[in-house]
Structures are given as C-alpha cells and as structure tokens.
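If you want the building blocks of each chain, they are given just below.
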Amino acid sequence: MALKISASSVAPARARVDVLAVPVAAGTKFVAGSDDIDTTLDGALTRAARVGGFTGKVGETLLVPGATGVAAKAVLLVGIGKPTDLTLDGIRRLGASMVRRLREHRTLGVNVLGAVPNSIDRADAVAALAEGMVLGNYQFLRYKSEARRSQLTSVSVLGASGTRVGAALAAAVVAAEATCWARDMVNEPAAVKSPADMVAAATKLLRGTPVKIQAWQGAELQRRKLHGTITVGQGSRRTPRFLRLEYAPRGARTTIALIGKGVVFDSGGLSLKPSNGMEQMKTDMGGAAAVIATMSVLHELGVRSRVVGFVPLVENMIGGNAYRLGDVITYRNGKTVEVMNTDAEGRLILADALVLASEERPDAMIDLATLTGACVVALGNKVAGLMGNHDAWISQVQAAGERSGEPLWPLPLPKDYRKLLDSEIADMKNVGGPYGGALTAGLFLQEFVDGAPWAHLDIAGPARAEGDDGYLARGGTGFGVRTLIELVTAFRKPR
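As a starting point, this report considers the structure included with it. A quick note: this is a predicted structure, and the numbers were derived from the prediction, not measured.

The rules behind the values
- Residues numbered from 1 in each chain as written.
- Predicted model: local features only at pLDDT ≥ 70, side-chain atom pairs only at ≥ 80, totals over all residues.
- Heavy atoms only, no water.
- Helix = DSSP H or I, 4+ residues; strand = E, 2+ residues; numbered from the N terminus.
- Rg over C-alpha atoms; globule rule 2.2 N^0.38 Å.
- Contact = heavy atoms within 4.5 Å.
- Areas by Shrake-Rupley, 256 points an atom, 1.4 Å probe, with all protein chains shown as cover.
- Lys, Arg positive; Asp, Glu negative; His and termini not counted.
- Charge placed at Lys NZ, Arg CZ, Asp CG, Glu CD.
- Buried < 20%, exposed > 50% of the residue type's maximum accessible area, 1.4 Å probe, protein only.
- Pairing = 2+ DSSP bridges.
- Phe/Tyr/Trp six-rings, centres within 6.5 Å; stacked < 30°, edge-to-face > 60°.
- Lys NZ or Arg CZ within 6 Å of the ring centre and 35° of its normal.
- 1 Å grid on protein atoms, 1.4 Å probe; cavity = no way out; pocket = protein on both sides within 12 Å on 5 of 7 lines; lining within 4 Å.
- Points joined across faces, edges and corners; volume = space filled by probe spheres on them.
- Nonpolar A, V, L, I, M, F, W, Y, C, P; charged D, E, K, R; others polar.
- Axes fitted to C-alpha atoms, helices over the stretch in contact; angles between N-to-C directions.
- Parallel < 35°, antiparallel > 145°, perpendicular 65-115°, else oblique.
- Left-handed = near helix turned anticlockwise from the far one by under 90°.
- Salt bridge = Lys/Arg side-chain N within 4 Å of Asp/Glu carboxyl O.

Next up on the list: the overall build of the protein. Counting its secondary structure elements, the protein contains 14 helices and 21 strands. Taken against the 2.2 N^0.38 rule, which gives 23 Å for 495 residues, the C-alpha radius of gyration of the protein at 24 Å falls within 12% of a compact globule. Along the longest, intermediate and shortest principal axes, the C-alpha atoms of the protein span 80 × 50 × 45 Å. Taking the contacts inside the protein whose residues are at least 6 apart along the sequence as the reference set, 77% of them involve residues at least 24 apart. Carbon and sulfur atoms form 50% of the exposed surface of the protein, whose accessible area is close to 20,500 Å². Distance between charge centres in the protein, computed from 57 positive and 47 negative side chains, equals 4 Å.

Shown next, in the form of structure tokens:
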C-alpha cells in the first residue's frame, strides 16, 4: 500500500492523527514547537521520557499513548541527538525510524521541522524526510504467507507549506517510490526475472510515459554486433535481451546516457562460483533496475535533457553451449577480448552498451554495475566506487550521490595498470590479475568509451543490505536510483 505524504500548515496540537511525532534533542530537551506541546500537556512528555529512560539520542523513540490536550491519540518522542549535527541524511533516517516504529498505526503527523538547523533549506529537509519515510516503510512480503504489513497510509508534515516545499516533497516521493521498484526487482527470485521477464517488467513500468522502448533479441542482437551480450547469455536457455530506452523532451539541448548491468543471475559460468552465497547473485541486475526505474520518472519530474538508457540483460549459466575460457569476442567497434574468467561477465556485456552509448555522442555517460568483489573489499557495503575519464563529470556525479545520501568514493584508473589486461592473442583479456580488480575492471570498460565524459559506479557493495539500517531494508537497496535522478535533474554539461 502506497504511503501518502502531504505538507500541512495545521498546528501540531490540532492535528487529528493517530500519532503525533515530536523531536527531542539529546539530554531530553524539546526543540522549537515540541516544547510548546509539552507545556500544553503540563510537562507530561518530559515525565514520560524520564520514566521511560528516553534520552533523545539519534534514532531513539518512545510512544506516549493517551495524551490529553492534543488532537492526536498518542505522541511519539523522536530522538534527534544534537540539533546542530542534523544533516539531510540524518533527517532521512529520522523519517525511517518513525514509520518503522508506527507500522501498526494508520495516520501520522510529523512536527520535526523546528529541529532543522538554519543551514539546511526547509524544502530540502521536507524532501529528505519524505524520502526516508517512503524508503523506511518499504517491505517485500510477496512470498511471506503470514506477513505483517504496514498499516501506515498517511503522513502529514506539519508546519510545512508553500509551493516550493510541496514540489520538493512530491519529487522526493516519486524518487523514493522509483527506488522501491528497483528494490522489488532485485528482491525477486531469479526464476521469475529472466531477461524476457525484465523486458516485460520495464515495459509495464514505462507504460504511459513518453519513454520509447526498443527490446532486441536473437537475430537483432547479431545484426547489431552485440557479441558480448550474446556470448555471456548463450549458456542459458533463457535467451538474452537488450533494452534501449529513450526520453526526448521537446527542446532538449543536452544528452545523457545511462547504462545498467543486467545479469539476472550469475552462476559464474564455467568459472563456477561456490554455492555458499550464490543466492545473492540475483542482485547482479541492480544496475539495470536502477536505470529502468530512473527512466520511468523523468517526465513526471520535468527533466529537460534527453536521456538514453542502455540495458543488456543476460543470465550467466553453465551448460553445453556456455562460453569457454580462451574464447575471443569481437565487439561492434572492432576490439577483441580473450575470455580468461567467465565470472567476469558484467564487463563483457557493459562493453556492448558503452560502444552503443558512445555512438550517440552524449554530453556525458554513466554506468552502474554490481561489478567486482574487489570494490567491496576496498570500500565495504555502504560506499560505491566511482571511476571515470573526466574530472568535472566525476565531481558532478559524486556531488549528486552526496546530496542523495548515496556515498561514492573516487578511485583511480592508473594507466600503468592497463598492461595487466594485455592478451597473447587478442587486444585485451577480461581480467587483470589478483590485485586491484576494481581498477582493472574500470580500465577494461574505459576501452569501450569513445570521446564522451564517462563515469563508472561499482555498486557491488551497497546494492544489497544484510539487515535493516536507517532507511535501508534487508535485501535490495535500489542504490543509484536517487543519485541518477539528482544527476539528470540538475545536469550541467561537463567542461
């Protein structure tokens, strides 16, 4: 059930909701607006906090039922820590902690804007709060026979009004719901998201939008010389597909290319992965889901740039027709690659997409891929690796990630490491040795970029969460959707 979030100028004490959420600073100190409510209640909230051991630390909550003197049926105390330390991402986390605490209630009034420091724009604060609440309320329960679904249906952000605030809130909800779609796709079992299933899901999502969809398969892949996609997918009975998505608003002056890795399941091929943890390889299409989700909201958000999405979709399986170590792939641009590891398959299909994207002569391009375990070793499961060929574009991408709460860390592409990809019989091989795997993977991809400013996001770590954390839920995170939306919405041609 969708969570409806709206801005309201109603005074907190008069909000007719099941629960009224009020902020409390560290040390049990109410902040602007909330102290007025406590005064109205003759200090009842202060007493409840002391009895309940509530201290106001970040993320702490305490439900105080039956408060008289306010229209709400109960009051939720929400710890915010030190108000001056509050950030946009901290506000997202506050939103998530509130909705998770109140899933058994239907309506919520939130009075936290008085806690927002002056350094944070009010519209940005409302947007962050809305994102956190939608993402925090996310549940994937399709296969749970006795699921306890969230009953929360409506949230009023109190003390928030004005056209700019309303627009920011609406845009944030759109971005968060797109992220939830990407989460759903990642969380689905691989058995129900074949390349053909992914095309069908994308087509359904994009129906009613002005995005033009092209889905290629079979002979069309051969005609277009998309041999990386063909080769990786040939071991599976579920044949590969390739999506080209185009959003072209009237008067667009810039073009951005988005590329997403779509390996719907990765067994490793003949370089077979160990079975322990292989079930998580249904996540290997996280980049594809992020691109499709982003394309679905461009018109609704009024994006002015032309945006073209390229999504290769394959299943990497073993079988009598699986590609072998030592095979050579000849790409559309004439470059040849010797396969030395069939479990380094993502870069082989991304190469097709990068060549096609380069032919569009975009003003900038970015790919997202759950590409290397090496990046997880380097940066853990919260931060994505960021590489590219253009400093200004890399900076723009990193800034978009920071504003979205999706941290990206720049990594180098050392020219001296390129020789690690040298092959005896082809232009290059698809792996570069045991060390610096994230970097050599980036160098491999760079070989297929022709001219445009390009950035590569290795999202292997943050594409999946092993437990609930802030506004993340266990499983697929939808990482990258909000960064891409921020990027295309505020796009500046790199110079």
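Once you've had a look at it, read on.
Quick look at the pairing of strand β11 (residues 262-266) now. In terms of burial, β11 is largely enclosed, as five of its five residues are buried. Relative to strand β12 (residues 306-316), β11 runs parallel, the two sharing four bridges. Within β12, the residue paired with V263 across the bridge is V314.

Before going further, it helps to examine the packing of aromatic side chains. Applying the stated rule across the entire model yields five aromatic pairs. Taking 5.7 Å as the distance between ring centres and 80° as the angle between the ring planes, the aromatic pair formed by W393 and F491 counts as edge-to-face. Of the two residues, W393 is situated in helix α12 (residues 391-404) and F491 in the segment after α14 (481-489); the sequence distance between them amounts to 98 residues. The ring of Y138 has R183 sitting right over it, with the charged end atom 5.2 Å from the ring centre. One cation-aromatic arrangement involves K335 over F448; the distance from NZ or CZ to the ring centre is 6.0 Å.

Our next topic: empty space enclosed by the protein. What the rule picks out here adds up to two cavities of 30 Å³ or more. Estimates place the volume of the largest cavity at around 50 Å³. As for the largest cavity, its lining consists of A182, V186, G286, A289, A290, I459, A463, T477, G478, F479 and V481. For the lining of the largest cavity, the elements supplying multiple residues, two or more each, are α5 (163-187) and α9 (286-295). Here the lining of the largest cavity takes three residues from α9, the largest share from any one element. For the lining of the largest cavity, the residue count by class is eight nonpolar, three polar and no charged. Taken as a whole, the second largest cavity encloses approximately 30 Å³ of empty space. Every residue along the wall of the second largest cavity is listed here: L86, I91, L94, V112, A115 and V116. Here the residues of the lining of the second largest cavity are counted per class, giving six nonpolar, no polar and no charged.

Further remarks concern the packing of α12 against α14. Between α12 and α14, whose axes approach to 8 Å, the crossing angle comes to 120°. Considered as vectors, α12 and α14 are oriented oblique to each other. Crossing angle aside, the handedness with which α12 passes α14 is right-handed. Contacts from W393, Q396, V397, A400, G401, R403 and S404 in α12 reach R482, T483, E486 and L487 in α14. Residue composition of the contact of α12 with α14, by class: four nonpolar, four polar and three charged.

With respect to the helices, strands and loops of the structure, P249 is situated in the loop between β9 (241-247) and β10 (255-260). The contacts of P249, once residues within four sequence positions are left out, are V303, R304, S305 and R306.

Let's shift gears to the pattern of salt bridges. Taken as a whole and assessed by the stated rule, the structure comprises 32 salt bridges. Salt-bridge contacts for R482 lead to E131; the nearest nitrogen and oxygen are separated by 3.3 Å. Of this pair, R482 sits in helix α14 while E131 sits in helix α4 (residues 122-136), and the two are 351 residues apart along the sequence. We note that R482, like E131, is buried. Within this structure, D89, R92, R93, E131, K382, E406, D469 and R482 form a network of salt bridges that share partners.

This part covers the pairing of strand β7 (residues 154-158). Most of β7 is tucked away: four of the five residues are buried. As paired strands, strand β1 (residues 4-8) and β7 are joined by five bridges and run parallel to one another. Paired with S8 across the strands is L158, a residue of β7. Relative to β7, strand β6 (residues 107-110) is paired through four bridges, and the arrangement is parallel. If you follow G109 over to β7, its bridge partner there is S156.

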